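Coordinates in review
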Amino acid sequence: MQSHTIKTWAWVHKWSSLVCTVFMLLLCLTGLPLIFHHEIGHLLGTEVEVPEMPAGTPHASLDQVLDVARAQYPERIVQFVSKSDETDDIWYVTMTPTPANTDDFRTVVVDARSAELLPLQPRFDEGFMWIMFKLHVDLFAGLPGKLFLGFMGLLLLVAIVSGVVLYAPFMRKLDFGTVRRERTARVKWLDLHNLLGIVTLVWLFVVGATGMINTWADLVIKYWQHDQLSSVLAPYQGQPTLAQAQRAPVQQSLDAAMQQVPGSKLSFIAFPGTSYSSPHHNTVFLRGDEPLTSKLLHPVLVDAKTSAVTAAPAIPWYLTALLVSQPLHFGDYGGRAMQIIWALLDIASIFVLGTGLYLWLKKGRTAARPQELHGDAKTIAREATP
């Protein structure tokens with residue numbers, strides 16, 4: 001590789017790393033507890049548990065559940081209703097002042113069998129885990145915060161690729177995993193930085209890429225609505241959002257959707273006028289019952305007035321990519337073992353980012369010998385020469 005080419009890659013690696021490092025450290029630190037959010041919830045006492053009842057106890061109508069929720073917050077509307085990931089015996093009803101996206105929400109937790117409020121009514125918009133989540137997702141800045149973090153994720157991918165390009169010639173005369181302990185402290189930290197950077201390479205690239213995709217979720221959903229649903233909703237153009245009194249029982253919409261896609265399970269229902277639905281439909285999102293298909297959603301649009309299925313479009317590739325990237329980002333596919341692996345790799349990535357920042361600061365304070373400079377193009381070119 002030519003010296004000027006190496007110099008260009010070194011410049012790209014240096015500045016892409018420096019710009020994103022602080023934010024990547026923040027994301028790694030906040031992402032660590034999010035990997036174990038269920039376990040932490042149990043420790044903090046915020047995980048909802050249902051009372052024991054005889055096996056096979058029938059479930060109450062969804063409309064009864066919604067009546068209970070509306071009685072708690074009569075000034076709010078139901079935006080979404082969803083089932084627990086762990087059991088079908090819990091309904092989570094999300095209520096907001098308006099159908100628009102907002103952080104001002106209340107969640108009512110109802111026993112699906114008795115249609116009674118459960119003793120624990122957790123607040124999902126406050127507390128330690130909520131702060132970690134908001135910092136990780138959008139820095140408390142909404143869509144602009146998400147897009148900013150997405151750009152930081154893109155810079156991380158650039159830093160990884162440029163780091164690999166520089167690593168190959170720089171390590172050509174050293175065995176893989178070599179840590180030159182007899183050299184200065186800076187050289188030892190440099191070797192550890194390079195070693196762990198290569199070890200975590202694939203994981204950090206995957207997590208960075210999926211995280212970047214996740215920041216586009218709001219835009220992807222809007223595009224899907226425009227791209228896939230505009231023709232389906234054409235007959236409803238110009239009609240106002242259905243008032244609550246005009247709507248048929250929601251249980252009928254759920255039953256119609258379940259018949260449309262046999263063998264599926266409910267993920268959540270988006271009500272008319274909300275971001276995941278239309279002004280005239282209950283959009284029922286169903287999922288499979290296998291580890292992979294459980295992350296893929298199948299939307300069924302049910303007319304909220306007549307309970308007739310309007311459409312059940314297959315999700316396009318870009319929405320599939322989003323749905324697959326979300327659980328992969330947090331290691332939700334492989335149970336406890338994958339969570340532990342994700343956590344260990346997260347900690348290693350914190351070390352890589354931290355040592356990279358340390359090496360840059362150390363370089364600015366001390367005059368290192370030329371052969372010790374990681375980003376020096378002449379040094380790398382010399383190391384790459386047979």
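What you see is a predicted model, and the numbers here were worked out from it, not measured in a lab. (Residues numbered from 1 in each chain as written. Predicted model: local features only at pLDDT ≥ 70, side-chain atom pairs only at ≥ 80, totals over all residues. Heavy atoms only, no water.)

Some details on the overall build of the protein
Within the protein, the regular secondary structure consists of 12 helices and seven strands. Across the protein, every contact between residues at least 6 apart in sequence was considered, and the portion connecting residues at least 24 apart equals 61%. Carbon and sulfur atoms make up 63% of the accessible area of the protein, which amounts to about 19300 Å² in all. (Helix = DSSP H or I, 4+ residues; strand = E, 2+ residues; numbered from the N terminus. Contact = heavy atoms within 4.5 Å. Areas by Shrake-Rupley, 256 points an atom, 1.4 Å probe, with all protein chains shown as cover.)

Regarding the nonpolar core
Counting 26 residues, the largest nonpolar core has L62, L66, V81, W91, V93, I269 and V284 as its most contacted members. Counting residues per element, the ones that place at least two in this core are α3 (62-72), β1 (77-83), β2 (90-96), β3 (106-111), α9 (250-260), β4 (265-270), β5 (281-287) and β6 (297-303). Looking at which element gives the most residues to this core, the answer is α3, with five residues. Beyond its immediate sequence surroundings of up to four residues, V93 is in contact with V65, L66, A69, V78, F80, V81, R106, T107 and V108. Counting 20 residues, the second largest nonpolar core, distinct from the first, contains I35, L156, V207 and W342. (Core = buried A, V, L, I, M, F, W, Y, C linked by side-chain atoms within 4.5 Å. Buried < 20%, exposed > 50% of the residue type's maximum accessible area, 1.4 Å probe, protein only.)

What to know about a nonpolar patch on the surface
On the surface, a nonpolar cluster with roughly 320 Å² of combined accessible area is contributed by L143, L147, W216 and L219. Checked against the element boundaries, L219 lands in helix α8 (residues 217-228). Assessed through its relative accessible area of 40%, L219 is described here as partly exposed. (Patch = residues over 30% accessible without salt bridge, like charges linked within 9 Å, V, L, I, M, F, W, Y side chains within 5 Å. Salt bridge = Lys/Arg side-chain N within 4 Å of Asp/Glu carboxyl O.)

So, a negative patch on the surface
There is a patch of like negative charges on the surface, built from E49, D85, E86 and D332. Residue class for E86 comes out exposed when judged on its relative accessible area of 54%. (Lys, Arg positive; Asp, Glu negative; His and termini not counted. Charge placed at Lys NZ, Arg CZ, Asp CG, Glu CD.)

Looking at the packing of aromatic side chains
A full pass over the atoms with the stated rule returns 13 aromatic pairs. For the pair Y92 and F124, a centre-to-centre distance of 6.2 Å together with 70° between the ring planes defines the contact as edge-to-face. You can see Y92 sitting in strand β2 and its partner F124 sitting in the loop between β3 and α4 (128-137), a full 32 residues away along the chain. Look at Y92 and you get buried, because its relative accessible area is 16%. Note on W224 and F285: the rings are 6.5 Å apart at their centroids and 50° apart in plane angle, and the pair reads as tilted. Of this pair, W224 sits in helix α8 while F285 sits in strand β5, and the two are 61 residues apart along the sequence. Judged by its relative accessible area of 1%, W224 is buried. Taking relative accessible area as the criterion, F285 reaches 5% and is therefore assigned buried. In this arrangement the basic side chain of R76 is found over the ring face of Y73, its NZ or CZ atom lying 6.0 Å from the centre. (Phe/Tyr/Trp six-rings, centres within 6.5 Å; stacked < 30°, edge-to-face > 60°. Lys NZ or Arg CZ within 6 Å of the ring centre and 35° of its normal.)

A closer look at the sheet that holds β5
If you trace the seven strands from one edge of the open sheet to the other, you get β3-β2-β1-β4-β5-β6-β7, paired in antiparallel fashion. What marks the edges here is a single partner per strand, and that holds for β3 and β7 (309-311). Mean inter-strand twist for the sheet, computed between neighbouring axes without regard to direction, equals 30°. Across three bridges, β1 lies against β4 in antiparallel orientation. (Pairing = 2+ DSSP bridges. Axes fitted to C-alpha atoms, helices over the stretch in contact; angles between N-to-C directions.)

A look at unusual backbone geometry
Note: most peptide bonds trans; most residues except glycine with negative phi. Unlike most non-glycine residues, L139 shows phi in positive territory, near 55°. What makes L139 partly exposed here is its relative accessible area of 25%.

Let's talk about the side chain of Q79
Examined against the element boundaries, Q79 turns out to sit in strand β1. When its relative accessible area of 4% is taken as the criterion, Q79 is described as buried. Setting aside anything within four residues of it in sequence, one finds Q79 in contact with T94, T96, T98, P99, A100, N101, I269, A270, F271 and T274.

Observations concerning the environment of Y92
The spatial distance from the C-alpha of Y92 to the C-alpha of V108 is 5.8 Å, given a sequence separation of 16 residues. Apart from residues no more than four positions distant in its own chain, Y92 is found in contact with V48, F80, V81, S82, K83, S84, T107, V108, V109 and F124.

Structural notes on the pairing of β3
Counting buried residues in β3 gives six out of six residues, a clear majority hidden from the surface. A two-sided burial pattern is seen for β3, the buried positions comprising R106, V108 and V110 on one face and T107, V109 and D111 on the other. The pairing of β2 with β3 spans six bridges and is antiparallel. Among the inter-strand pairings, V93 is bridged to a residue of β3, identified as V108.

Some words on α4
Within the span of α4, buried status applies to M129, W130, M132, K134 and H136. Following α4 by one or two positions, L139 adopts a phi angle in the positive range, close to 55°.

Function-wise, these values are silent; they only describe arrangement.
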